[in-house]
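Structural overview
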Amino acid sequence: MVRPKKHLGQHFLKDLSIAEQIAGILSGEGYDRIVEIGPGMGVLTQFLLKSDKEVFVVEIDGESVRYLEQSFPELHKHIIPGDFLRLPLQETIQPPFAVIGNFPYNISSQIVFKILENKEMVPEFGGMFQKEVAERITAEPGSKTYGILSVLTAAYYEREYLFTVEPEVFNPPPKVRSGVIRLKRKENYRLDCDENLFYRVVKATFNQRRKTLRNGLKSLNLSLEKVDEELLKLRPEQLDLQGFINITNSITQP
Ligand code: SAH
(Lines give C-alpha, C1' and ligand atoms only; values in the text may rest on other atoms or scores of the structure.)
Protein backbone atom coordinates (compact mmCIF):
# COMPACT_ATOMS: atom_id res chain seq x y z
CA MET A 1 0.00 0.00 0.00
CA VAL A 2 1.08 3.57 -0.69
CA ARG A 3 0.54 6.11 2.07
CA PRO A 4 -1.26 9.13 0.52
CA LYS A 5 0.91 12.23 0.22
CA LYS A 6 -0.91 15.52 0.25
CA HIS A 7 1.67 17.57 -1.63
CA LEU A 8 1.34 15.22 -4.62
CA GLY A 9 -2.44 15.56 -4.71
CA GLN A 10 -2.84 11.90 -3.83
CA HIS A 11 -6.44 10.86 -3.32
CA PHE A 12 -6.71 7.20 -4.13
CA LEU A 13 -9.96 5.94 -5.58
CA LYS A 14 -11.44 3.14 -3.48
CA ASP A 15 -14.52 2.34 -5.55
CA LEU A 16 -13.67 -0.24 -8.21
CA SER A 17 -16.85 0.20 -10.21
CA ILE A 18 -16.16 3.93 -10.59
CA ALA A 19 -12.59 3.13 -11.61
CA GLU A 20 -13.94 0.76 -14.26
CA GLN A 21 -16.37 3.41 -15.50
CA ILE A 22 -13.59 5.99 -15.83
CA ALA A 23 -11.33 3.54 -17.65
CA GLY A 24 -14.28 2.89 -19.97
CA ILE A 25 -14.85 6.48 -21.10
CA LEU A 26 -12.35 6.34 -23.96
CA SER A 27 -13.76 5.50 -27.38
CA GLY A 28 -10.54 3.81 -28.51
CA GLU A 29 -10.81 5.38 -31.94
CA GLY A 30 -7.78 6.79 -33.69
CA TYR A 31 -4.90 5.55 -31.50
CA ASP A 32 -3.19 2.36 -30.30
CA ARG A 33 -1.67 3.70 -27.10
CA ILE A 34 -3.02 5.15 -23.85
CA VAL A 35 -1.06 7.31 -21.42
CA GLU A 36 -2.29 7.44 -17.84
CA ILE A 37 -1.17 10.35 -15.70
CA GLY A 38 -0.77 9.64 -11.99
CA PRO A 39 -1.67 5.93 -11.73
CA GLY A 40 -0.94 5.79 -7.98
CA MET A 41 -1.63 2.19 -6.98
CA GLY A 42 -3.11 1.37 -10.38
CA VAL A 43 -6.81 1.36 -9.65
CA LEU A 44 -7.61 2.68 -13.15
CA THR A 45 -4.58 1.02 -14.73
CA GLN A 46 -5.87 -2.49 -14.02
CA PHE A 47 -8.93 -1.78 -16.19
CA LEU A 48 -6.99 0.07 -18.89
CA LEU A 49 -4.76 -3.00 -19.21
CA LYS A 50 -7.82 -5.02 -20.25
CA SER A 51 -8.19 -2.93 -23.40
CA ASP A 52 -6.41 -3.80 -26.63
CA LYS A 53 -4.23 -0.68 -26.32
CA GLU A 54 -0.64 -0.36 -25.21
CA VAL A 55 -0.70 1.36 -21.80
CA PHE A 56 1.95 3.77 -20.49
CA VAL A 57 1.78 5.34 -17.04
CA VAL A 58 3.54 8.49 -15.83
CA GLU A 59 3.97 8.70 -12.06
CA ILE A 60 5.98 11.21 -10.04
CA ASP A 61 5.86 9.34 -6.71
CA GLY A 62 8.69 6.85 -6.22
CA GLU A 63 6.71 4.82 -3.71
CA SER A 64 3.83 4.42 -6.18
CA VAL A 65 6.28 3.49 -8.95
CA ARG A 66 7.71 0.68 -6.80
CA TYR A 67 4.21 -0.49 -5.92
CA LEU A 68 3.24 -0.58 -9.60
CA GLU A 69 6.41 -2.45 -10.59
CA GLN A 70 5.59 -5.15 -8.08
CA SER A 71 1.85 -5.34 -8.70
CA PHE A 72 1.79 -5.04 -12.49
CA PRO A 73 4.66 -7.01 -14.04
CA GLU A 74 2.85 -6.63 -17.39
CA LEU A 75 3.54 -2.88 -17.24
CA HIS A 76 7.25 -3.65 -17.46
CA LYS A 77 9.09 -0.81 -19.23
CA HIS A 78 5.84 1.12 -19.58
CA ILE A 79 6.16 2.88 -16.25
CA ILE A 80 7.58 6.34 -16.81
CA PRO A 81 8.77 7.78 -13.50
CA GLY A 82 8.66 11.56 -13.24
CA ASP A 83 6.67 14.73 -13.63
CA PHE A 84 4.18 14.65 -16.50
CA LEU A 85 4.46 18.42 -16.87
CA ARG A 86 8.17 18.10 -17.67
CA LEU A 87 7.97 14.99 -19.81
CA PRO A 88 9.07 15.44 -23.44
CA LEU A 89 6.07 13.58 -24.84
CA GLN A 90 7.19 13.34 -28.44
CA GLU A 91 10.46 11.63 -27.50
CA THR A 92 8.90 9.30 -24.96
CA ILE A 93 5.74 7.84 -26.42
CA GLN A 94 4.94 7.28 -30.05
CA PRO A 95 1.86 9.30 -31.03
CA PRO A 96 -1.04 9.26 -31.47
CA PHE A 97 -2.15 8.35 -27.95
CA ALA A 98 -5.06 9.03 -25.64
CA VAL A 99 -4.44 10.63 -22.24
CA ILE A 100 -6.45 9.63 -19.20
CA GLY A 101 -6.23 9.81 -15.42
CA ASN A 102 -7.68 10.53 -12.08
CA PHE A 103 -5.60 13.64 -12.21
CA PRO A 104 -3.64 15.28 -9.40
CA TYR A 105 -5.92 18.25 -8.76
CA ASN A 106 -3.13 20.65 -7.82
CA ILE A 107 -1.84 20.65 -11.40
CA SER A 108 -5.01 19.92 -13.35
CA SER A 109 -5.15 23.15 -15.39
CA GLN A 110 -1.48 22.78 -16.29
CA ILE A 111 -2.20 19.27 -17.53
CA VAL A 112 -4.93 20.64 -19.81
CA PHE A 113 -2.61 23.31 -21.19
CA LYS A 114 0.05 20.70 -21.88
CA ILE A 115 -2.48 18.57 -23.77
CA LEU A 116 -3.49 21.62 -25.82
CA GLU A 117 0.15 22.28 -26.70
CA ASN A 118 0.43 18.68 -27.85
CA LYS A 119 -2.98 18.31 -29.45
CA GLU A 120 -1.50 16.92 -32.69
CA MET A 121 -0.52 13.82 -30.71
CA VAL A 122 -3.67 13.48 -28.58
CA PRO A 123 -6.93 12.59 -30.36
CA GLU A 124 -8.71 11.87 -27.08
CA PHE A 125 -8.33 13.08 -23.51
CA GLY A 126 -10.44 12.40 -20.47
CA GLY A 127 -10.66 11.61 -16.82
CA MET A 128 -11.40 12.99 -13.41
CA PHE A 129 -10.85 16.57 -12.26
CA GLN A 130 -12.16 18.52 -9.31
CA LYS A 131 -15.76 19.22 -10.33
CA GLU A 132 -15.24 22.95 -10.75
CA VAL A 133 -12.42 22.45 -13.24
CA ALA A 134 -14.40 19.77 -15.09
CA GLU A 135 -17.21 22.31 -15.36
CA ARG A 136 -14.90 25.09 -16.49
CA ILE A 137 -13.52 22.92 -19.28
CA THR A 138 -16.96 21.87 -20.54
CA ALA A 139 -18.80 25.18 -19.97
CA GLU A 140 -20.76 26.99 -22.67
CA PRO A 141 -20.98 30.78 -23.21
CA GLY A 142 -23.11 32.61 -20.67
CA SER A 143 -22.30 30.30 -17.77
CA LYS A 144 -20.30 31.46 -14.76
CA THR A 145 -17.62 28.87 -15.26
CA TYR A 146 -17.09 29.72 -18.95
CA GLY A 147 -13.53 30.96 -19.38
CA ILE A 148 -10.08 30.41 -20.86
CA LEU A 149 -10.14 26.64 -20.35
CA SER A 150 -13.56 26.35 -22.03
CA VAL A 151 -12.69 28.36 -25.13
CA LEU A 152 -9.23 26.89 -25.66
CA THR A 153 -10.45 23.30 -25.31
CA ALA A 154 -13.56 24.00 -27.43
CA ALA A 155 -11.25 25.23 -30.18
CA TYR A 156 -9.85 21.76 -30.75
CA TYR A 157 -12.03 19.23 -28.91
CA GLU A 158 -15.66 18.18 -28.52
CA ARG A 159 -16.22 18.35 -24.77
CA GLU A 160 -18.55 16.26 -22.62
CA TYR A 161 -19.23 16.31 -18.89
CA LEU A 162 -19.98 12.68 -18.07
CA PHE A 163 -20.65 12.24 -14.35
CA THR A 164 -19.97 13.51 -10.83
CA VAL A 165 -18.06 11.58 -8.16
CA GLU A 166 -18.49 12.13 -4.40
CA PRO A 167 -15.52 12.63 -2.03
CA GLU A 168 -16.31 9.52 0.06
CA VAL A 169 -15.03 7.12 -2.60
CA PHE A 170 -11.45 8.37 -2.17
CA ASN A 171 -8.79 7.78 0.45
CA PRO A 172 -8.36 10.38 1.82
CA PRO A 173 -11.54 12.16 0.67
CA PRO A 174 -10.82 15.45 -1.13
CA LYS A 175 -12.59 18.59 0.10
CA VAL A 176 -14.49 18.95 -3.17
CA ARG A 177 -16.62 16.85 -5.48
CA SER A 178 -15.09 15.50 -8.67
CA GLY A 179 -16.25 15.44 -12.27
CA VAL A 180 -15.39 13.09 -15.11
CA ILE A 181 -15.12 14.50 -18.62
CA ARG A 182 -14.15 13.41 -22.10
CA LEU A 183 -12.64 15.48 -24.89
CA LYS A 184 -12.58 14.13 -28.43
CA ARG A 185 -10.48 16.00 -30.92
CA LYS A 186 -12.44 17.56 -33.75
CA GLU A 187 -12.01 16.14 -37.20
CA ASN A 188 -10.75 19.45 -38.47
CA TYR A 189 -8.94 21.11 -35.60
CA ARG A 190 -7.07 23.80 -37.49
CA LEU A 191 -8.49 27.16 -36.47
CA ASP A 192 -9.51 29.53 -39.19
CA CYS A 193 -7.35 32.33 -37.75
CA ASP A 194 -3.92 33.20 -36.38
CA GLU A 195 -3.80 30.74 -33.48
CA ASN A 196 -1.21 32.64 -31.45
CA LEU A 197 -3.24 35.80 -31.61
CA PHE A 198 -6.39 33.81 -30.79
CA TYR A 199 -4.71 32.59 -27.57
CA ARG A 200 -3.70 36.12 -26.67
CA VAL A 201 -7.21 37.45 -27.35
CA VAL A 202 -8.83 34.77 -25.18
CA LYS A 203 -6.36 35.28 -22.33
CA ALA A 204 -6.41 39.08 -22.42
CA THR A 205 -10.20 39.32 -22.42
CA PHE A 206 -10.86 36.72 -19.72
CA ASN A 207 -8.17 38.20 -17.51
CA GLN A 208 -10.59 41.11 -17.28
CA ARG A 209 -13.78 39.14 -17.55
CA ARG A 210 -16.03 41.82 -16.06
CA LYS A 211 -14.96 44.36 -18.66
CA THR A 212 -16.17 44.74 -22.23
CA LEU A 213 -14.13 43.16 -24.97
CA ARG A 214 -13.03 46.62 -26.09
CA ASN A 215 -11.44 47.27 -22.70
CA GLY A 216 -10.06 43.78 -22.34
CA LEU A 217 -8.37 43.97 -25.72
CA LYS A 218 -6.62 47.28 -25.04
CA SER A 219 -3.67 45.55 -23.39
CA LEU A 220 -2.82 43.91 -26.74
CA ASN A 221 -2.14 47.28 -28.33
CA LEU A 222 -3.60 46.29 -31.68
CA SER A 223 -6.03 48.12 -33.93
CA LEU A 224 -9.68 47.35 -33.19
CA GLU A 225 -10.87 49.48 -36.11
CA LYS A 226 -12.11 46.54 -38.17
CA VAL A 227 -13.88 44.79 -35.28
CA ASP A 228 -17.67 44.96 -35.20
CA GLU A 229 -18.76 47.73 -32.76
CA GLU A 230 -21.55 45.62 -31.28
CA LEU A 231 -19.16 42.77 -30.60
CA LEU A 232 -16.80 45.02 -28.66
CA LYS A 233 -19.58 45.95 -26.25
CA LEU A 234 -19.92 42.34 -25.12
CA ARG A 235 -18.11 40.65 -22.26
CA PRO A 236 -15.88 37.66 -23.01
CA GLU A 237 -18.25 35.25 -21.28
CA GLN A 238 -20.93 36.08 -23.89
CA LEU A 239 -18.75 35.11 -26.82
CA ASP A 240 -18.61 31.63 -28.34
CA LEU A 241 -15.65 30.08 -30.14
CA GLN A 242 -16.63 31.51 -33.51
CA GLY A 243 -16.94 34.96 -31.93
CA PHE A 244 -13.35 34.77 -30.67
CA ILE A 245 -12.19 33.59 -34.09
CA ASN A 246 -14.01 36.48 -35.78
CA ILE A 247 -12.46 39.03 -33.45
CA THR A 248 -9.01 37.53 -34.00
CA ASN A 249 -9.47 37.80 -37.76
CA SER A 250 -10.71 41.39 -37.62
CA ILE A 251 -7.71 42.39 -35.55
CA THR A 252 -5.28 40.72 -37.93
CA GLN A 253 -6.75 42.32 -41.06
CA PRO A 254 -4.43 45.02 -42.37
N1 SAH B 1 -5.05 7.26 -10.27
C2 SAH B 1 -4.90 6.97 -8.85
C3 SAH B 1 -4.20 8.11 -8.09
C4 SAH B 1 -4.88 9.44 -8.19
S5 SAH B 1 -4.12 10.66 -7.15
C6 SAH B 1 -6.26 6.68 -8.25
O7 SAH B 1 -7.27 6.97 -8.88
O8 SAH B 1 -6.33 6.17 -7.13
C9 SAH B 1 -3.07 11.52 -8.29
C10 SAH B 1 -1.81 10.77 -8.69
O11 SAH B 1 -1.01 11.64 -9.50
C12 SAH B 1 -0.90 10.36 -7.54
O13 SAH B 1 -0.50 9.02 -7.74
C14 SAH B 1 0.30 11.30 -7.62
O15 SAH B 1 1.48 10.76 -7.13
C16 SAH B 1 0.37 11.54 -9.12
N17 SAH B 1 1.02 12.80 -9.51
C18 SAH B 1 0.99 13.99 -8.86
N19 SAH B 1 1.67 14.92 -9.55
C20 SAH B 1 2.14 14.31 -10.69
C21 SAH B 1 2.93 14.76 -11.79
N22 SAH B 1 3.34 16.01 -11.89
N23 SAH B 1 3.23 13.86 -12.77
C24 SAH B 1 2.79 12.58 -12.68
N25 SAH B 1 2.05 12.10 -11.65
C26 SAH B 1 1.72 12.95 -10.66
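Everything numeric here is computed off the predicted structure, so don't read it as measured data.

**Some points on the nonpolar core**
In globular proteins that are soluble, nonpolar side chains generally tend to be buried together. In this structure, Phe125, Phe129, Phe198, Leu217 and Phe244 are the most contacted members of the largest nonpolar core, which totals 57 residues. Among the elements that take part in this core, helix 8 (residues 195–206) stands out by supplying seven residues, more than any other. Mapping this core onto the domain boundaries places at least three of its residues in each of domain 1 (6–185) and domain 2 (195–252). Not counting the four nearest positions on each side in its chain, phenylalanine 244 is found in contact with Tyr146, Val151, Phe198, Val201, Val202, Thr205, Phe206, Pro236 and Leu239.

**Digging into the packing of aromatic side chains**
Following the criterion strictly, the structure yields six aromatic pairs and no others. On the basis of an interplanar angle of 40° and a centroid distance of 5.6 Å, the ring pair of phenylalanine 103 and phenylalanine 125 is categorised as tilted. Of this pair, phenylalanine 103 sits in the loop between strand 5 (97–102) and helix 5 (108–117) while phenylalanine 125 sits in strand 6 (residues 124–130), placing them 22 residues apart in sequence. Phenylalanine 125 shares its class with phenylalanine 103; the two are buried. Between phenylalanine 198 and tyrosine 199 the ring centres are 6.4 Å apart and the planes differ by 75°, which places this aromatic pair in the edge-to-face class. Three or more aromatic residues joined by ring pairs make a cluster, and in this case those are Phe103, Phe125 and Phe129. One cation-aromatic arrangement involves lysine 114 over phenylalanine 84; the distance from NZ or CZ to the ring centre is 5.2 Å. Directly above the ring of phenylalanine 113 sits lysine 203, whose terminal nitrogen or CZ lies 5.6 Å from the centroid.

**So, the sheet that holds strand 3 (residues 54–59)**
Strand order in this open sheet of seven strands is 4-3-2-5-6-9-7, and the pairing throughout is mixed. Looking at which strands have only one partner, the edges of the open sheet turn out to be strand 4 (79–81) and strand 7 (157–165). Averaged over neighbouring strand pairs, the angle between their axes works out to 20° when direction is ignored. With three bridges connecting them, strand 3 and strand 4 associate as parallel partners. From the neighbouring strand, valine 58 faces strand 4, where its bridge partner is isoleucine 80.

**Side note on the domain arrangement of the protein**
The domain architecture assigned to the protein consists of domain 1 (6–185) and domain 2 (195–252). In this structure, domain 1 and domain 2 have C-alpha centres spaced 31 Å apart. In this complex, domain 1 contributes 14 residues to the contact, which on the side of domain 2 involves 15 residues. Together, Tyr146, Ile148 and Leu152 form the three largest contributors to the area buried by domain 1 at its contact with domain 2, with a combined 42%. At the junction of domain 1 with domain 2, the criterion picks out zero salt bridges. Between domain 1 and domain 2 we count five residue pairs in polar contact (both at pLDDT 80 or more) in total.

Basis of the calculations
- For every chain, the first residue of its written sequence is number 1, and the numbers climb from 1 along that sequence.
- Given that this is a predicted model, residues contribute local features only at a pLDDT of at least 70 and side-chain atom pairs are listed and counted only at 80 or more, while totals for whole chains, interfaces and linings are drawn from all residues.
- Side-chain measures here rest on the full set of heavy atoms in the structure, leaving out hydrogens and waters.
- The term nonpolar core refers to a set of buried residues drawn from Ala, Val, Leu, Ile, Met, Phe, Trp, Tyr and Cys, joined through side-chain atoms within 4.5 Å.
- Note on exposure labels: buried denotes an accessible area under 20% of the residue type's maximum, exposed denotes more than 50%, and partly exposed covers the range between, all computed with a 1.4 Å probe on protein chains only.
- In DSSP terms, a helix is any run of H or I states spanning at least four residues, a strand is any run of E spanning at least two, and both are numbered starting from the N terminus.
- For the domain bounds, the source is a domain assignment made automatically or taken from a database.
- Note on definitions: a residue-residue contact is assigned when non-hydrogen atoms from the two residues lie within 4.5 Å.
- For this analysis, a ring pair means two rings from Phe, Tyr or Trp (six-membered ring only for Trp) whose centres lie within 6.5 Å, classed as stacked if their planes differ by under 30 degrees, edge-to-face if by over 60, and tilted for the remaining angles.
- Comment: the charge-over-ring label is applied if NZ (Lys) or CZ (Arg) is within 6 Å of the ring centre and within 35 degrees of the ring normal.
- Think of it this way: DSSP has to see at least two bridges between two strands before they count as a pair.
- Note on geometry: axes are lines fitted to C-alpha atoms, helical ones only across the stretch in contact, with angles between N-to-C directions running from 0 to 180 degrees.
- Summed over both partners, the accessible area lost on bringing two parts together, with a 1.4 Å probe, is the buried area.
- A carboxyl oxygen of Asp or Glu within 4 Å of a side-chain nitrogen of Lys or Arg is what we treat as a salt bridge.
- For this analysis, a polar contact is any N or O atom pair within 3.5 Å, provided that within protein one partner can donate a hydrogen and the other can accept it, and provided that sequence-adjacent residues contribute only side-chain to side-chain pairs.

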